[in-house]
Amino acid sequence: MDSELLNSQVRVVTIMKGLAAGQILTMDQMAEAIHRMQKLVGCGVFHVQSIWLFTRSDLKTIVIPQSAFGIINAIASSNDWPEVLSRVPMVFFWVWINLLPFAIDNQRQAEAILEDRHNKPWRTMPSQRMTEAQARILMLLLYPVSLFTSLRLGGTRQCLALMVLGYGYNDLNLADRSWISRNVINALGFCSFASGALEVAMDSPLSFSGENNQTVVKWLAMIGGIVFSTVQTQDMADQVGDSSRGRKSMPLALGDGPARWMIAIPMVGWSIVCPWFWGAGAVVHVVAAFLGLLIACRTLTWRSIEADKRTFQLWNLWMAGLYTLPLLSAGGR
C-alpha cells in the first residue's frame, strides 16, 4: 500500500507540473488525477483517524477534564479572564499533544494489544490499522513535538515529567506490577497534565510563592490524593483484559469486593472535604456529597461490566465537577 501511495503522489505531482507548464490534460489524464487525489485524501483521512483513535478513550479522562482544570483555575486566579479564554485552544492542544505519544507507547506494547482485543478492539493496534514498528516510529517523532510545543506554550516541566512517568508506566511495566505503583503514576500524571494546562492557560510558570499559588499547589496535591484513592474505578470493568496480561490492578490483587469499598469510602470523603477546602456554600456541599454518595452506592451495588463502565463515566463527571469548585467557592481561600 505504501508503494502504491508513493506512486499516486508522484503521478499527481507530474500532472500538476504539466498543468503549471500550460499542458492541456486529456479526459483520461483528468480522471486519473482525480482518482489518485481521492486515494491520497482517503489515505490521509485513514491515518488521521488512526492517530485519533489512540486518544479517543482518554478524551473524557484526560483531555477535557485536565484542560478544564487549567482553564477554570486560571480564571479563578486571574483578573484577566478574556486573556485566559483566548488561550483555551492552546490548553487543549497542549494536553492532547502530550497525551498522544504516551498513549501510543502504551497501546503499542504486545500486552496492551492483547488486553485491547478484549476491552477496546476498535483501537488502532488491535484493529491492525498500524504495525508496532510504525507506532514506535510515530511515538519517537511525537515526543520532540510535545517538548517543542511545551517550550513555546508553557508546561515544559510537566512535559518532561510525563515523559518520565510514561517510561515507568509503559516500558518498566510499573503499572502492571502493583496497583500501588499504578495508582501513584496515575496520580502524578493527572497532576502533571492539570498543572501543565494551568501554566498554559495563565501563560506563566506555576510558582510556590504567593497565597494564590500556594492554594493551587495544595489543590493539586488534593487532586493527586483523589486520583490515587479512587482511580481504580476504571479497572473494575477491565478485569478480563487486565487478567489476560497479568496486570495486578486493585480488583485483581485485592478482590472485587474490597476494591469497591476502597473506591466508595474515599469518594464520599473527598466529596465532603473538597467543598470545605474551597469554602463553598451549603448548596454546593449538599450537591457534592449527594453525587459522591450516589456513585459510591452505584459502585457497591451495580457490578456488571456495562454498569462499571457507566460508573467510570460518572466518576469522570464527578472529577470535572470538583474542578469547578474554585469558581463556585465564595471567593476562594
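Source: prediction; values computed, not measured.

Turning our attention to the overall build of the chain. Regarding its fold elements, the chain presents 17 helices and zero strands. Counting across all 333 residues of the chain, residues that qualify as buried make up 47%. Of the contacts made within the chain by residues no fewer than 6 positions apart, 74% connect residues no fewer than 24 positions apart. Element-wise, carbon and sulfur atoms account for 67% of the exposed surface of the chain, whose accessible area totals about 16200 Å².

By the element assignment, glutamine 109 lies in the loop between helix H5 (88-108) and helix H6 (110-119). Among residues more than four places away in sequence, those in contact with glutamine 109 are Asn170 and Asp171.

So, about the packing of helix H3 (residues 59-77) against H5. Following both chains from N to C, one finds H3 and H5 inclined at 135°, their axes separated by 9 Å at the closest point. Comparing their axes, H5 and H3 come out oblique. For the pair H3 and H5, the sense of crossing is right-handed. Contacts from Ile62, Val63, Ile64, Ser67 and Ile71 in H3 reach Val88, Val91, Phe92, Val95, Trp96 and Leu99 in H5.

Time to look at unusual backbone geometry. The backbone phi angle of glutamine 128 is positive, close to 60°, even though this residue is not glycine. Following the sequence through the fold, glutamine 128 ends up in the loop between H6 and helix H7 (132-153). Unlike most non-glycine residues, aspartate 203 shows phi in positive territory, near 60°. With respect to the helices and strands, aspartate 203 occurs in the loop between helix H10 (179-202) and helix H11 (211-230). Taking relative accessible area as the criterion, aspartate 203 reaches 46% and is therefore assigned partly exposed.

What follows concerns the packing of aromatic side chains. In total, this model carries ten aromatic pairs according to the counting rule given. Here phenylalanine 312 and tryptophan 315 contribute two aromatic rings whose centre-to-centre distance is 5.7 Å and whose plane-to-plane angle is 15°, an arrangement assigned as stacked. Here phenylalanine 312 and its partner tryptophan 315 are both found in helix H16 (residues 305-323), three residues apart, which amounts to about one turn of the helix. Residue phenylalanine 312 shares its accessibility class with tryptophan 315, and that shared class is buried. Members of the aromatic cluster, joined through ring pairs, are Phe190, Phe312 and Trp315. The ring of tryptophan 122 carries the charged tip of arginine 56 above its face, separated from the ring centre by 3.9 Å.

In this structure, Trp219, Ile223, Trp315, Trp318, Met319 and Leu322 are the most contacted members of the largest nonpolar core, which totals 49 residues. Among the elements of the structure, H3, H5, H10, H11, helix H14 (256-277), helix H15 (282-301) and H16 are those that each provide at least two residues to this core. With nine residues, H10 is the largest single contributor of residues to this core. Setting aside residues up to four positions removed in sequence, leucine 322 forms contacts with Trp219, Ile226 and Cys274.

Turning our attention to the packing of H3 against H10. Where H3 meets H10, the closest approach of the two axes is 7 Å, and the angle between their N-to-C directions is 45°. As judged from the angle between their axes, H3 and H10 are oblique. In this structure, H3 meets H10 at a crossing whose hand is right-handed. For the pair H3 and H10, contact is made by Thr61, Ile62, Gln66, Ser67, Phe69, Gly70, Ile71, Asn73 and Ala74 and by Phe190, Phe193, Ala194, Ala197, Leu198, Ala201 and Met202, respectively. In terms of residue class, the contact of H3 with H10 is built from eleven nonpolar, five polar and no charged.

Moving on, we get to H6. Residue pairs three or four apart in sequence face the same way in an α-helix, which turns once every 3.6 residues. Every buried residue of H6 is accounted for by Ala112, Ile113, Glu115, Asp116 and Asn119. Seen from one end, H6 has its buried residues packed into an arc of 165°, which puts them on one side. Packed against the buried residues of H6 are H5, H7 and helix H12 (239-244).

On inspection of all chains with the given rule, the structure shows twelve salt bridges. In this structure, the salt-bridge partner of aspartate 176 is arginine 247, at a minimum N-O distance of 2.7 Å. Linking aspartate 176 in helix H9 (residues 174-177) with arginine 247 in the loop between H12 and helix H13 (250-254), this pair joins segments that are 71 residues apart in sequence. The two residues aspartate 176 and arginine 247 agree in class, both being buried. A salt bridge links arginine 182 to aspartate 235, with the nearest nitrogen and oxygen atoms 2.8 Å apart. Of this pair, arginine 182 sits in helix H10 while aspartate 235 sits in the loop between H11 and H12; the two residues are 53 residues apart in sequence, bridging distant segments of the chain. You can call arginine 182 buried: its relative accessible area is 4%. For aspartate 235, a relative accessible area of 2% gives the class buried. Among the charged side chains, a network of salt bridges with common partners joins Asp256, Arg260, Arg303 and Asp308.

So, about the environment of leucine 325. Structurally, leucine 325 is set in helix H17 (residues 325-328). Among the residues examined, leucine 325 registers a relative accessible area of 3% and is labelled buried. Once the C-alpha coordinates of leucine 325 and phenylalanine 277 are considered, the two residues, 48 residues apart in sequence, prove to be 9.2 Å apart. Excluding residues that lie within four positions of it along the chain, leucine 325 makes contacts with Trp219, Cys274, Pro275, Trp278 and Val284.

What counts, and where the lines are drawn
- Residues numbered from 1 in each chain as written.
- Predicted model: local features only at pLDDT ≥ 70, side-chain atom pairs only at ≥ 80, totals over all residues.
- Heavy atoms only, no water.
- Helix = DSSP H or I, 4+ residues; strand = E, 2+ residues; numbered from the N terminus.
- Buried < 20%, exposed > 50% of the residue type's maximum accessible area, 1.4 Å probe, protein only.
- Contact = heavy atoms within 4.5 Å.
- Areas by Shrake-Rupley, 256 points an atom, 1.4 Å probe, with all protein chains shown as cover.
- Axes fitted to C-alpha atoms, helices over the stretch in contact; angles between N-to-C directions.
- Parallel < 35°, antiparallel > 145°, perpendicular 65-115°, else oblique.
- Left-handed = near helix turned anticlockwise from the far one by under 90°.
- Phe/Tyr/Trp six-rings, centres within 6.5 Å; stacked < 30°, edge-to-face > 60°.
- Lys NZ or Arg CZ within 6 Å of the ring centre and 35° of its normal.
- Core = buried A, V, L, I, M, F, W, Y, C linked by side-chain atoms within 4.5 Å.
- Nonpolar A, V, L, I, M, F, W, Y, C, P; charged D, E, K, R; others polar.
- Arc of directions from axis to C-beta.
- Salt bridge = Lys/Arg side-chain N within 4 Å of Asp/Glu carboxyl O.

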